[in-house]
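# Remarks on the overall topology
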Amino acid sequence: MACSHEHAAWPGTVSISSVTLHAVVRDIADSLRRSGVETLVVVNGHGGNYVLGNVVQESSARGERMALFPAAEDWETALERAGVLTSLLTDMHAGEIETSILLHAHPELIRPGYETSDFVADDRRHLLTLGMSGYTESGVIGRPSLGSAEKGKALLASLADSFGAYFSVLTAEA
């Protein structure tokens, strides 16, 4: 589930409100805690889920053990290790990063023509107002032509390596 209102121009996009996302994560965390699970890592697969940072901050302020993964720094390390050429700014949606991960994990989901679908829109200051359709007709913002299965494998391996630090922080004695 995601708070993906900026994708509304594309039919089939399902988005929930930030209030709902916040409530669902809180409810899941509360339910897990009641069953004895004292630590939780929220894995964010969508950059637009800004509210998740608030959920984690509020939980931490209450003394609960919760983390949000991956952080921008985890992505930067993964990009470097995988040899990704585009930045996180340029590679917003369906670009080199996402294409590489899918080419590695599920190549059957990649449509023919991705090699010629590059579209760069680095100045997106009105994204939250206009949505993605204000910047791209195809939904691509990035350079999918640079994607490869090898980069996807390296990206996922780097993120898996980064996760260890979150586990350590959450399981360290307070």
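### Concerning the confidence of the model for the chain
Mean pLDDT over the chain works out to 94, with 98% of the residues at or above the 70 mark. Mean pLDDT values over the elements of the chain span from 92, in helix 5 (residues 127-130), up to 98, in helix 4 (residues 96-105).

### Quick notes on the environment of Ala78
One can find Ala78 in helix 3 (residues 72-82). Taking relative accessible area as the criterion, Ala78 reaches 0% and is therefore assigned buried. It is 31 Å that separates the C-alpha atoms of Ala78 and Arg62, two residues lying 16 residues apart in sequence.

### Considering the packing of helix 3 against helix 6 (residues 149-171)
Packing of helix 3 against helix 6 leaves a shortest axis separation of 8 Å and a crossing angle of 140°. Put simply, helix 3 runs oblique to helix 6. The element helix 3 and its partner helix 6 pack so that their crossing is right-handed. Together, Asp74, Trp75, Thr77, Ala78, Leu79, Arg81 and Ala82 of helix 3 and Lys151, Ala154, Leu155, Ser158, Leu159, Asp161, Ser162 and Tyr166 of helix 6 make up the contact between the two elements. In the contact of helix 3 with helix 6, the residues fall into 8 nonpolar, 3 polar and 4 charged.

### Considerations on the nonpolar core
Ala67, Phe69, Ala78, Leu79, Ala82, Val84, Ile97, Ile101, Leu155, Leu159, Tyr166 and Leu170 together form the largest nonpolar core, which totals 12 residues. Contributions of two or more residues to this core are made by strand 2 (65-69), helix 3, helix 4 and helix 6. Of the residues forming this core, the biggest block, 4 residues, is contributed by helix 6. Residues Ala29, Val42, Leu52 and Val56 belong to the second largest nonpolar core, which totals 10 residues.

Rules of the game
- Residues numbered from 1 in each chain as written.
- Predicted model: local features only at pLDDT ≥ 70, side-chain atom pairs only at ≥ 80, totals over all residues.
- Heavy atoms only, no water.
- pLDDT = per-residue confidence, 0-100.
- Helix = DSSP H or I, 4+ residues; strand = E, 2+ residues; numbered from the N terminus.
- Buried < 20%, exposed > 50% of the residue type's maximum accessible area, 1.4 Å probe, protein only.
- Axes fitted to C-alpha atoms, helices over the stretch in contact; angles between N-to-C directions.
- Parallel < 35°, antiparallel > 145°, perpendicular 65-115°, else oblique.
- Left-handed = near helix turned anticlockwise from the far one by under 90°.
- Contact = heavy atoms within 4.5 Å.
- Nonpolar A, V, L, I, M, F, W, Y, C, P; charged D, E, K, R; others polar.
- Core = buried A, V, L, I, M, F, W, Y, C linked by side-chain atoms within 4.5 Å.

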